[in-house]
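# Overview (structure and organization)
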Amino acid sequence: ARRFGIETMRRLDQALGAEPEPIAPARPPASFAARLSLPEPIGLTKDVTAGLERLLEQVCRKLETEEMGARTLRLTARRVDGADQTAEISLARPGRDPMRLRELFTPKINEMDAGWGIDALHLAATATEPLKPAQLTQAHRETEAAKLADLLSRLGNRVGFENVTRFLPAESHIPERAFTTAAAAHSDPEPWPERNRPPRPIVLFRPEPLGDLSGNPPTAFRWRGQDYTTRQAHGPERLAPEWWWDDPDWRSGPRDYWRVETVEGARLWLFHTPVHPAWYAQGTFA
């Protein structure tokens, strides 16, 4: 004990059973599920919805107690013939509001095949995340965020969450690289940096050649099979290629961008390549 200390002797006694070693077992993970057994088989959509509402109240109450929110829920309907019908929904952000969850389940329930009847329902939150109670001072902001989350959830459950994306800013002065796309359900909106630069078009596409035109900017040109006449223009804004990227579209050198408003009403984003003289269209304004 003088050499190694009392703690070493105590651990030896515990290993040999001479001294008790109490343990604190890990708490089992919380289960966010509920089951409803029916005395008589049901088959109507309104009956299944009524049973779902009872299950949602129980599951959401458990989620609130644990300060958790559901990201994925699965409803399993056991038919009298032993077959299961399942309906699964996902949320853009954690939630535990029974009414909002019921609305997301409605189109899924309509697609269920009740067969000869359903005699049991089981609802489980298969994916959860922490969800703290919202502050009362943030009620308005939480309401706006909830509306957006509801919209993303409805779209995601209908067309797939991988198909609902948002644009996020990226560190680049090149128009094609000044943004990235991310899944809206798994990303947060980021504020776009306020820069002292001319406005950007709302629609951006790959450069479409207009040919070697006269004028700076050209007074008339043809784009997508239609003739246009320039009424007014703003520019130029020179953008140089990033030397650390070998982009084939930018091998023609710097570009001089112009915001061109035409007599026909179109507002286009045109650029000219002075190294290899040519004009291109790359975007449209509102």
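It should be noted that the structure appears before, not after, this text.
Right, let's walk through the structure included here. (Residues numbered from 1 in each chain as written. Predicted model: local features only at pLDDT ≥ 70, side-chain atom pairs only at ≥ 80, totals over all residues. Heavy atoms only, no water.)

Quick look at helix H3 (residues 98–110) now. For H3, with 13 residues, the first-to-last C-alpha span of 18 Å sits near the 18 Å given by 1.5 Å per residue. Among all positions in H3, only Pro98, Leu101, Leu104, Phe105 and Ile109 are buried. Two to three positions downstream of the cap, the backbone nitrogen of Met99 sits 3.1 Å from a side-chain oxygen, assigning the N-cap of H3 to Asp97. (Helix = DSSP H or I, 4+ residues; strand = E, 2+ residues; numbered from the N terminus. Expected span 1.5 Å × (residues − 1). Buried < 20%, exposed > 50% of the residue type's maximum accessible area, 1.4 Å probe, protein only. Polar contact = N/O pair within 3.5 Å; in protein donor to acceptor, adjacent residues only side chain to side chain.)

Our focus in this paragraph is unusual backbone geometry. Backbone phi values are negative for most residues with the exception of glycine, while trans is the configuration of most peptide bonds. In this structure, Pro217 follows Asn216 across a cis peptide bond, with omega equal to 5 degrees. Here Pro217 lies in the loop between strand S7 (203–211) and strand S8 (220–223). For the peptide bond that leads from Gly235 to Pro236, omega is 0 degrees, which places it in the cis range. Here Glu67, not a glycine, exhibits a phi torsion of approximately 55 degrees, which is positive. Turning to its location among the elements, Glu67 is positioned in the loop between helix H2 (45–65) and strand S2 (68–79). Judged by relative accessible area, Glu67 falls into the partly exposed class, the value being 30%.

Bringing the nonpolar core into the picture now. In terms of nonpolar packing, the biggest core is built from 30 residues, with Leu73, Leu75, Phe105, Leu121 and Leu123 touching the most fellow members. Those elements that provide at least two residues to this core are strand S1 (33–42), H2, S2, strand S3 (84–95), H3 and strand S4 (118–130). Sort the elements by how many residues they give to this core and H2 lands first, with 7 residues. In contact with Leu73, other than residues within four places in its own chain, are Leu56, Ala87, Glu88, Ile89, Leu91, Leu101, Phe105, Leu123, Ala124, Ala125 and Thr126. Ranked by size, the runner-up nonpolar core spans 12 residues in total, among them Phe205, Leu210, Phe221 and Ala266. (Core = buried A, V, L, I, M, F, W, Y, C linked by side-chain atoms within 4.5 Å. Contact = heavy atoms within 4.5 Å.)

Here we come to the environment of Arg100. Relative to the helices and strands, Arg100 resides in helix H3. Remark: the alpha-carbon pair of Arg100 and Arg154, spanning 54 residues in sequence, is separated by 10 Å. Discounting chain neighbours no more than four positions away, the residues touching Arg100 are Ala146 and Asp150. A distance of 3.1 Å separates a polar atom in the side chain of Arg100 from a polar atom in the side chain of Asp150.

Moving on to the sheet that holds S1. Taken together, 4 strands build an open sheet; the order of strands is S1-S4-S2-S3 and the sheet is antiparallel. Looking at the sheet topology across the chains shown, the edges are occupied by S1 and S3. Here the strands of the sheet are splayed against their neighbours by 15 degrees on average, with no regard to which way each runs. Here H2 sits on the sheet and contacts S1, S2, S3 and S4; the angle it forms with S4, its principal contact strand, is near 35 degrees. Those strands touched by H3 are S2, S3 and S4, and its axis lies near 145 degrees from that of S3. (Pairing = 2+ DSSP bridges. Axes fitted to C-alpha atoms, helices over the stretch in contact; angles between N-to-C directions.)

Our next topic: the packing of aromatic side chains. Applying the stated criterion to the full structure yields 8 aromatic pairs. For the ring pair Phe271 and Tyr280, a centre distance of 5.0 Å and an interplane angle of 15 degrees mean the geometry is stacked. Of the aromatic side chains, those joined through ring pairs into one cluster are Phe205, Phe221, Trp223 and Tyr228. The ring of Trp250 is capped by Arg255, whose NZ or CZ atom sits 3.7 Å from the centre of that ring. Here the guanidinium or amino end of Arg255 rests over the ring plane of Phe271, the centre of that ring lying 4.3 Å away. (Phe/Tyr/Trp six-rings, centres within 6.5 Å; stacked < 30°, edge-to-face > 60°. Lys NZ or Arg CZ within 6 Å of the ring centre and 35° of its normal.)

Attention now moves to the side chain of Asp256. Along the polypeptide, Asp256 turns up in strand S10 (residues 255–262). Among the polar contacts listed, one links the side chain of Asp256 to the side chain of Arg238, at a separation of 2.7 Å. Those residues within four positions of Asp256 in sequence are excluded, and the remaining contacts are Pro236, Glu237, Arg238, Leu270, Phe271, His272 and Pro274.

As for its position among the elements, Ser172 is in the loop between strand S5 (165–169) and strand S6 (179–183). Judged by its relative accessible area of 9%, Ser172 falls in the buried class. Here the alpha-carbon distance between Ser172 and Glu242, two residues 70 residues apart in the chain, equals 8.7 Å. Reaching out from Ser172, the side chain makes a polar contact with the backbone nitrogen of Ile174 at a distance of 3.2 Å.

A word on H2. In a regular helix each residue adds 1.5 Å, so 21 residues correspond to 30 Å; H2 covers 30 Å between its end C-alpha atoms and thus fits that length. Buried within H2 we find Val48, Thr49, Gly51, Leu52, Leu55, Leu56, Val59, Cys60 and Leu63. Seen end-on, H2 carries its buried residues on one side only, within an arc spanning 170 degrees. Looking at H2, the residues exposed on the side facing more than 90 degrees away from the buried face are Lys46, Arg54, Glu64 and Thr65. Buried positions along H2 lie against S1, S2, S3, H3 and S4. Immediately beyond the C-terminal end of H2, within one or two residues, lies Glu67, with a positive phi of roughly 55 degrees. (Arc of directions from axis to C-beta.)

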